[in-house]
Amino acid sequence: MHKFLFVFATIFFSNSSLAGNASGKITSIFVADGTPSALFMLNSSISETPRCNEAKRFSINLAKPGGMAAYIAILEAKKQGYEVSVEGLNTCVNEWRSEDIKNILLN
């Protein structure tokens, strides 16, 4: 029983601790009518992104607190050519095949 719990805990914590991280300039932003998400891509690869992030992009839920602020931040970063650092949540709930964001830092 102890061996099973150890294996379960190891798998659970090792998978949950991984989340996508990337730094670079925003290359594209996609927003569509009828969806509460804004998607964006960077000019660099995402490290430790979950398998569900097949599109290699990040997703902002515009309906959640802070979502519009994050969206405005990426728009400004794209417009001004700022580099950003993004940390993901290790989930693809907002938009299929795109990792949900935890935070964005404009450099």
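Residues numbered from 1 in each chain as written. Predicted model: local features only at pLDDT ≥ 70, side-chain atom pairs only at ≥ 80, totals over all residues. Heavy atoms only, no water.

Draft legend 1. Geometry of the overall build of the protein. Per the secondary structure count, the protein includes 2 helices and 5 strands. Counting from the amino terminus, helix and strand elements in the protein follow one another as α-β-β-β-α-β-β. Here the protein holds 107 residues, and the buried ones make up 33% of them. Considering only contacts in the protein between residues 6 or more positions apart, those separated by 24 or more positions represent 56%. (Helix = DSSP H or I, 4+ residues; strand = E, 2+ residues; numbered from the N terminus. Buried < 20%, exposed > 50% of the residue type's maximum accessible area, 1.4 Å probe, protein only. Contact = heavy atoms within 4.5 Å.)

Draft legend 2. Representation of the pattern of salt bridges. A complete count under the given rule lists 2 salt bridges for this structure. Among the salt bridges present, the one from Arg97 reaches Glu54, with a minimum N-O distance of 3.6 Å. Separated by 43 residues along the polypeptide, Arg97 in the loop between β4 (83-88) and β5 (99-106) and Glu54 in the loop between β2 (37-42) and β3 (58-61) bring together distant segments of the chain. Exposure remark for Glu54: the relative accessible area of 53% places this residue in the exposed category. (Salt bridge = Lys/Arg side-chain N within 4 Å of Asp/Glu carboxyl O.)

Draft legend 3. Quick look at the sheet that holds β3. Read around the barrel, 5 strands follow the order β1-β2-β3-β5-β4 and close on themselves; strand pairing throughout is mixed. For this sheet the average axis-to-axis angle between neighbouring strands, irrespective of direction, equals 60 degrees. Judged from the 5 bridges that link them, β4 and β5 form a sheet pairing that is antiparallel. Paired with Gly88 across the two strands is Ile101, which belongs to β5. Along the sheet, helix α2 (residues 67-80) makes contact with β1 (21-31), β2, β3, β4 and β5, crossing β1 at roughly 100 degrees. (Pairing = 2+ DSSP bridges. Axes fitted to C-alpha atoms, helices over the stretch in contact; angles between N-to-C directions.)

Draft legend 4. Highlighting the packing of aromatic side chains. In this structure the tally under the stated criterion is 1 aromatic pair. Over the ring of Trp96 we find Arg97; its NZ or CZ atom is 5.3 Å from the centre of that ring. (Phe/Tyr/Trp six-rings, centres within 6.5 Å; stacked < 30°, edge-to-face > 60°. Lys NZ or Arg CZ within 6 Å of the ring centre and 35° of its normal.)

Draft legend 5. Focus on the state of the cysteines. Within the structure shown, the criterion is met by 1 disulfide. Disulfide pairing is shown between Cys52 and Cys92; the S-S distance is 2.0 Å. Its S-S torsion of about 75 degrees marks the bond between Cys52 and Cys92 as right-handed, since a negative value means left-handed. With Cys52 in the loop between β2 and β3 and Cys92 in the loop between β4 and β5, the pair connects residues that are 40 residues apart, well separated along the chain. Given the relative accessible area of 18%, Cys92 is considered buried. (Disulfide = S-S within 2.5 Å.)

Draft legend 6. Here's a closer look at the nonpolar core. Counting 16 residues, the largest nonpolar core has Ile26, Phe40, Leu42, Phe58, Ile60, Val86 and Ile101 as its most contacted members. Listed by contribution, the elements that provide at least two residues to this core are β1, β2, β3, α2 and β4. Looking at this core, the element that brings in the most residues is α2, giving 4 residues. (Core = buried A, V, L, I, M, F, W, Y, C linked by side-chain atoms within 4.5 Å.)

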